[in-house]
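Summary of structural features
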Amino acid sequence: MKILRDKKAIALFLLPAFIVYSIIVMIPILVSIYYSALEWNGIGKKTFVGLSNYIKLLGDGVFRQAFCNNIIYIIIVMVLQLGFGFIIAVLLTYLKKGRGFIQTVYYIPSVITVIAISQLFTGFYSYEPLGLFNIFRKLLGMEPIAFLSEYKTVLPAVASVEGWQYIGIYMIIFYSALVSVSPDILEAARIDGASELQILVKIRIPAIANVIMLSCILSLVGALRGFAAPMNMTKGGPNHRSEILATYMYKKAFTSRDYGYGSAIAVIIVILSILGVLLISKYMDGENE
């Protein structure tokens, strides 16, 4: 164990991971910051414009719409992934048989490509011919809805796809953390007369606070990077009602070939990710104190 106290040894072990991380994460971020200060179509001459692209973002109505949509998108995704993932994980701790089967069923969607899941849900949301969800609505005596065409339903419909797909991952994370809580502590609490709800709130949740914080960070960053589902299902429509920052960045950079403007949006996404991580970390640290 002496090697774990040697800072040089620690640095040596971290070096390969740091190099890989720098190549695939840090260098692209720095390049995006550089490009965001340019006016460039990817082929012609690069013109340095400083903060001009960021100033234009402030007056861009579509960017503001995408920013607001992204906030709603994040909330829906996080509630589905973390909320349902945690509830299922808690229920699994009380299950005696069939636990592995249920875990597998919930985990399978997370290993299927987002494109396949998006196509599946596009069929479920279909208005003509009636998809699965509209068939259920009709059986319940309700009128069918064009989920992916109506302003009020398109964003929740698209966000729910990514939220549902990765519930299984957070279920596994939460379940692994919950079963690691000492059974002796739980048994002592039951002997003292604590209800299962009190045990959950007063013992289990505080014991896995760090895991909850990590899960919140992973879910937040994942939602901010959301792209495939909205792009494949609606392409940001109708009228940008399901446009989020990642899809708008793609359109500006690779469709309009305005790499400087697209890079500025990418930098905004990175900044929002960092701020989100800091806010979650600060909040959870405050709760632990």
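Shown above is the structure to which this text applies.
Definitions and cut-offs
Once a new chain begins, its residue numbering starts again from 1 and follows that chain's sequence as written. Thresholds applied to this predicted model are a pLDDT of at least 70 for local features of residues and 80 or more for the giving and counting of side-chain atom pairs; totals over whole chains, interfaces and linings are not thresholded and use all residues. Processing note: side-chain calculations cover all non-hydrogen atoms of the structure and skip hydrogens and water entirely. The helix count covers DSSP runs of H or I at least four residues long, the strand count covers runs of E at least two residues long, and both are numbered beginning at the N terminus. Accessibility here uses a 1.4 Å probe with only protein chains present; expressed as a share of the type maximum, an area under 20% marks a residue as buried, one over 50% as exposed, and anything in between as partly exposed. Only heavy atoms enter the contact rule, under which two residues are in contact if any of them lie within 4.5 Å. As used throughout, the charge tally considers Lys and Arg to be positive and Asp and Glu to be negative, leaving His and the chain termini uncounted. A charge is said to be at NZ when it belongs to Lys, at CZ for Arg, at CG for Asp and at CD for Glu. Note on geometry: axes are lines fitted to C-alpha atoms, helical ones only across the stretch in contact, with angles between N-to-C directions running from 0 to 180 degrees. Here the angle decides the label: under 35 degrees means roughly parallel, over 145 means roughly antiparallel, 65 to 115 means roughly perpendicular, and every other value means oblique. Residues belong to one nonpolar core when they are buried, are Ala, Val, Leu, Ile, Met, Phe, Trp, Tyr or Cys, and are joined through side-chain atoms within 4.5 Å. The directions considered for the arc are those from the helix axis to the C-beta atoms. Stacked, edge-to-face and tilted are the three classes for Phe, Tyr and Trp ring pairs, Trp counted by its six-membered ring, which pair at centre distances within 6.5 Å; planes under 30 degrees apart are stacked, over 60 edge-to-face, the rest tilted. Any Lys or Arg side-chain nitrogen located within 4 Å of an Asp or Glu carboxyl oxygen qualifies as a salt bridge. Crossing handedness: left-handed means the near helix sits turned counterclockwise from the far one by under a right angle, and right-handed means the same turn made clockwise. The definition of a polar contact used here is a pair of N or O atoms within 3.5 Å, where within protein one atom must be able to donate a hydrogen and the other to accept one, and adjacent residues in sequence count solely through side-chain atom pairs.

Moving on: the overall build of the protein. Secondary structure assignment for the protein yields 14 helices and 2 strands. In terms of overall dimensions, the protein has C-alpha extents of about 75 × 70 × 30 Å along its principal axes. Scored against the burial criterion, the 289 residues of the protein give a buried share of 39%. Across the protein, every contact between residues at least 6 apart in sequence was considered, and the portion connecting residues at least 24 apart equals 66%. The centroid of the 24 positive side-chain charges in the protein is displaced by 6 Å from the centroid of its 16 negative side-chain charges.

Among the structural elements, N53 can be located in helix 2 (residues 52–58). For N53, a relative accessible area of 2% translates into the label buried. Beyond its immediate sequence surroundings of up to four residues, N53 is in contact with Y35, S36, L38, G260, Y261 and A264.

Here we come to the packing of helix 3 (residues 61–93) against helix 13 (residues 245–255). In the contact formed by helix 3 and helix 13, the axes pass within 8 Å of each other and the chain directions differ by 150°. With respect to their mutual orientation, helix 3 and helix 13 come out roughly antiparallel. Together, V62, F63, A66, F67 and N70 of helix 3 and L245, A246 and Y248 of helix 13 make up the contact between the two elements.

Now for the nonpolar core. Residues Y73, Y125 and I265 are the most contacted members of the largest nonpolar core, which totals 60 residues. Ranked by residue count, the leading element in this core is helix 3, at 14 residues. Contact partners of Y125, with chain neighbours within four places excluded, come to F133, N134, I145, F147, L148, A157, S160, V161 and M233.

Residues lying three or four places apart along an α-helix face the same way, a consequence of the helix completing one turn every 3.6 residues. Taken residue by residue, helix 10 (residues 196–207) has I199, L200 and R204 as its buried positions. One face of helix 10 carries all of its buried residues, which in axial projection span an arc of 95°. Against the buried residues of helix 10 lie helix 3, helix 8 (167–179) and helix 9 (183–191).

Taken as a whole, this structure holds 16 aromatic pairs when the rule is applied. Geometrically, the ring pair formed by F133 and F147 is edge-to-face, given 6.3 Å between the ring centres and 75° between the ring planes. Within this pair, whereas F133 is found in helix 6 (residues 132–139), its partner F147 is found in the loop between helix 6 and helix 7 (151–165), the two being separated by 14 residues in sequence. A relative accessible area of 26% means that F133 is categorised as partly exposed. With relative accessibility at 14%, the residue F147 sits in the buried group. What links up through ring pairs into an aromatic cluster is the set Y34, Y35, W40, F227, Y250, F254 and Y259.

This part takes up unusual backbone geometry. The residue after E128, namely P129, is reached through a cis peptide bond having omega 0°. Relative to the elements of secondary structure, P129 occurs in the loop between helix 5 (114–125) and helix 6. Cis geometry marks the peptide bond from G237 to P238, where omega comes out at -5°. Note that P238 resides in the loop between helix 12 (228–233) and helix 13. A positive phi angle is found at K235, which is not glycine, with a value near 55°. Position of K235 among the secondary structure elements: in the loop between helix 12 and helix 13.

The tally for this structure, following the rule as stated, stands at 3 salt bridges. With its nearest N and O atoms 4.0 Å apart, the salt bridge here joins R190 to E187. Placement of both R190 and E187 in helix 9 is noted, with a separation of 3 residues, approximately one turn of the helix. Classification of R190 as partly exposed rests on a relative accessible area of 30%. We note a salt bridge from E243 to K251, for which the minimum N-O separation is 2.8 Å.

The next thing to look at is the packing of helix 3 against helix 7. Each pair of packed helices can be summarised by the angle the axes make with each other and by the distance between the axes. The geometry of helix 3 relative to helix 7 is characterised by a closest axis approach of 8 Å and an angle of 40° between their N-to-C directions. By the angle between their directions, the pair helix 3 and helix 7 is classed as oblique. In this structure, helix 3 crosses over helix 7, and the sense of that crossing is right-handed. Every residue of helix 7 that contacts helix 3 at N69, I72, Y73, I76, V77, L80 and Q81 is listed here: L155, P156, V158, A159, S160, E162, G163 and W164.

Inspection of the secondary structure puts K251 in helix 13. For K251, a relative accessible area of 19% puts it in the buried group. Of the polar contacts made by the side chain of K251, one reaches the side chain of E243; its length is 2.8 Å. For K251, the residues in contact, after removing those within four places along its chain, are M231, K235, G236, E243 and S256.

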